[in-house]
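Read off the chains here:
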Amino acid sequence: MAAQDPGPAGIEITGIEITGTAQREAWLRRVMPPVERLDGDLWSVPVPIPDNPLRYVSVYAFGTDDGLVLIDAGWGSDESWQALAGGLASIGAGIADIRGVLVTHLHYDHIGLAGRIRQASGAWIALHPADHGVLSLPEYRTAELAVAREAEFLSGLGATPAEAAAAVGAVADWVKFAGMALADRLLGDGELADVPGWKLRALHTPGHTPGHLCFVDERSRRLFSGDHVLPRITPNISAQRGDPVSPLAAYLDSLDRTRDLDVDEVLPAHEWRFRGLAARVDAITAHHERRLAELLAAVRRHPGGTPWELAGAADLVPSLGRVRRPDADLRRHRDRRAPGPAGSPRPSDRQRYPPARLHGRGHLKTSAGSA
Ligand SMILES: [Zn+2]
């Protein structure tokens, strides 16, 4: 089915052919897509992300002589666990058959269930060294430290301590992220993953996270794109504490590296499978070029504005156009920029902290335009 699909900011994306038509139809009907057999021994198993507009992660299960290897594990909740177990049962397998989990990146919707799978089956967990390094940082291992660092980060961008605290939320909400599984195996760019019978090569695509991995199945010419390239939305590109690289520059480089891969189909972690990688990469690149130009114009219009102020600037936010949920989130953020009552702190009164970034829940900001 050929389709033109409006992008997050109303971009018309031509050259995209949706191959995951059952996924797309389920999306439109607001139901979970089916478990699908994509090849002899390759399945797509949707695992729900509770109360999140992304709705689900597509876990890919590869059959081998020795059991199953997964790409991604799913969100760490009981509901997600049941869905994964049920999906595997429907193909005649179970959690105990899992031999390994290839995690595309450190976000909770991808790695959340990995530790529980390892506990139940003895499976190994593989990550790129950069994401493993991030997850190993002390502020990723304790919720209190995570909250403190995130608040410092927002304050460093210009939020008042109260604004930062409100945006970060309660320590209790962060506890689950502090328990994310660390890797047993590290997988670098160009390495073949340990999936007997398959030729699955890791492709390091930093941007969404420093260690984001895509996988190319060289036999079937499929690209498992994780969150790097999605058919309708774009992944959030966030600064990462401890990572000196500009994440957007890294992301645009990764898009460049990905654009002309010789693949027939893209199998993303969210939404639906499609053909037309180059067209999709071009559309995402154009989106960032346009947003960068808008941001530059906003910086010129608001000399001396802090990143916090610019992110809520009325003349920057509305250009998100038809994206509803993040639009609402950003409007709320913008509204916080309204002048406070007399005596409330002015920007110049704000305490300044060195910039810091903790990315434990960037993907959790339940924004439909963000993965
Ligand atoms: Zn995701």
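Fair warning: this is a prediction, and the values are worked out from it, not measured in the lab.

**Looking at the overall build of the protein**
When helices and strands are tallied, the protein shows 11 helices and 15 strands. Taking as baseline every contact in the protein between residues at least 6 positions apart, the subset at least 24 positions apart corresponds to 66%.

**Quick word on the sheet that holds strand 9 (residues 124-127)**
With respect to topology, seven strands assemble into an open sheet ordered 4-5-6-7-8-9-10, the strand pairing being mixed. The sheet is open, and its two edges are formed by strand 4 (36-39) and strand 10 (185-186), each paired on a single side. Running at roughly 155 degrees to strand 5 (residues 42-48), helix 2 (residues 78-90) makes contact with strand 5 and strand 6 (56-64) of the sheet.

**Quick look at the packing of helix 6 (residues 143-156) against helix 7 (residues 161-168)**
Direction vectors running N to C along helix 6 and helix 7 enclose 130 degrees, while the axes themselves pass 9 Å from each other. Taken together, the axes of helix 6 and helix 7 lie oblique to each other. Our pair here, helix 6 against helix 7, has a crossing hand that is right-handed. Between helix 6, through Val147, Glu150, Ala151, Leu154 and Ser155, and helix 7, the contact on the second element is made entirely by Pro161, Ala164, Ala165, Ala167 and Val168.

**Concerning the pairing of strand 5**
For strand 5, the buried fraction is high: six of the seven residues fall into the buried class. Strand direction decides the pairing type here: strand 4 and strand 5, joined by three bridges, are antiparallel. Within the sheet, the bridge partner assigned to Glu36 lies in strand 5 and is Ser44. Counting the residues between successive antiparallel strands, the hairpin from strand 4 to strand 5 contains two residues.

**Points about the nonpolar core**
Core analysis: the biggest nonpolar cluster contains 82 residues, and Val59, Leu70, Val101 and Phe215 have the highest contact counts within it. Excluding its chain neighbours within four sequence positions, the residues that come into contact with Leu70 are Val59, Tyr60, Ala61, Ile98, Val101 and Leu102.

**Here we look at unusual backbone geometry**
With a phi close to 60 degrees, Arg30 is a non-glycine residue in the positive phi region. With respect to the helices, strands and loops of the structure, Arg30 is situated in the loop between helix 1 (21-28) and strand 4. Since 7 C-beta atoms lie within 10 Å of it, Arg30 is described here as exposed. In this model, Asp72 sits at a positive phi of 70 degrees, which is unusual for a non-glycine residue.

**Let's talk about helix 6**
The end-to-end C-alpha distance of helix 6 is 20 Å, a good match for the 20 Å that 14 residues give at a rise of 1.5 Å each. Buried residues dominate helix 6, accounting for 11 of its 14 residues. Residues of helix 6 that are buried sit in contact with helix 7 and helix 10 (307-311). Once helix 6 ends, the next one or two residues include Gly158, with phi positive near 120 degrees.

**Examining the environment of Leu200**
Tracing the chain through its elements places Leu200 in strand 11 (residues 200-204). C-beta crowding within 10 Å serves as the criterion here: with 24 such atoms nearby, Leu200 is assigned to the buried category. Placed 15 residues apart in sequence, Leu200 and Phe215 show a C-alpha to C-alpha distance of 6.0 Å. Discounting residues that sit within four places of it in the chain, Leu200 has contacts with Leu192, Ala193, Val195, Phe215 and Asp217.

**Side note on the environment of Arg280**
In this structure, Arg280 sits in helix 9 (residues 277-301). Taking the C-alpha atoms as reference points, Arg280 and Leu230, 50 residues apart in sequence, are found 8.1 Å from one another.

**Here we look at the packing of helix 8 (residues 247-259) against helix 9**
The geometry of helix 8 relative to helix 9 is characterised by a closest axis approach of 9 Å and an angle of 160 degrees between their N-to-C directions. The angle between the axes of helix 8 and helix 9 places the two elements in the roughly antiparallel class. Judged by the sense of rotation from one axis to the other, the crossing of helix 8 with helix 9 is left-handed. Mapping the contact onto sequence places Leu248, Leu252, Leu255, Thr258 and Arg259 in helix 8 and Leu277, Ala278, Val281, Ile284, Thr285 and His288 in helix 9.

**Let's talk about the confidence of the model for the protein**
Here the protein averages 84 in pLDDT, while 80% of its residues score no lower than 70. This model gives residues 1-12 a pLDDT under 50, and the stretch forms 33 contacts once residues within four places in sequence are excluded. Of the regions scoring below 50 in pLDDT, residues 336-370 engages in 73 contacts with residues more than four places distant in sequence or in other chains.

**Observations concerning the pairing of strand 7 (residues 67-71)**
Judged by how many residues are buried, strand 7 sits mostly within the fold: four of five residues are covered. The antiparallel pairing of strand 6 with strand 7 creates a hairpin that spans two residues between the two strands. Pairing geometry for strand 7 and strand 8 (residues 98-102), over four bridges, is parallel. For Leu70, the partnering residue across the bridge sits in strand 8 and is Val101. Since strand 7 and strand 8 lie parallel, the crossover through helix 2 that links them has a hand, and here it is right-handed.

Definitions and limits used
Sequence order sets the numbering: in each chain, residues are counted from 1 along the sequence as written. Where totals are concerned, whole chains, interfaces and linings use all residues; where local detail is concerned, this predicted model gives features only for residues with pLDDT of at least 70, and gives and counts side-chain atom pairs only at 80 or more. A run of H or I in DSSP becomes a helix once it reaches four residues, and a run of E becomes a strand once it reaches two; helices and strands are each numbered from the N terminus. By the convention adopted here, residues are in contact when the distance between their C-beta atoms, placed from the backbone, does not exceed 7 Å. At least two DSSP bridges between two strands are needed for those strands to be called paired. Axes, fitted as lines to C-alpha atoms, cover a helix only where it is in contact. Angles between the N-to-C directions of the axes lie from 0 to 180 degrees. Here roughly perpendicular refers to angles of 65 to 115 degrees, roughly parallel to angles under 35, roughly antiparallel to angles over 145, and oblique to all remaining angles. Whether a crossing is left-handed or right-handed is set by the direction in which the near helix is turned from the far one by less than a right angle, anticlockwise for left-handed and clockwise for right-handed. The exposure scheme places C-beta atoms from the backbone and then counts, for each residue, the other C-beta atoms within 10 Å of its own, assigning buried at 20 or more, exposed at 12 or fewer, and partly exposed in between. The nonpolar core is taken to be a set of buried Ala, Val, Leu, Ile, Met, Phe, Trp, Tyr and Cys residues joined by way of C-beta atoms within 7 Å. Given a helix with a known number of residues, its expected span is that number minus one, times 1.5 Å. What pLDDT conveys is the predictor's confidence in a given residue, as a value from 0 to 100. We call a crossover right-handed when, viewed with the strands running away from us, the connection from the first strand over the helix to the second turns clockwise.

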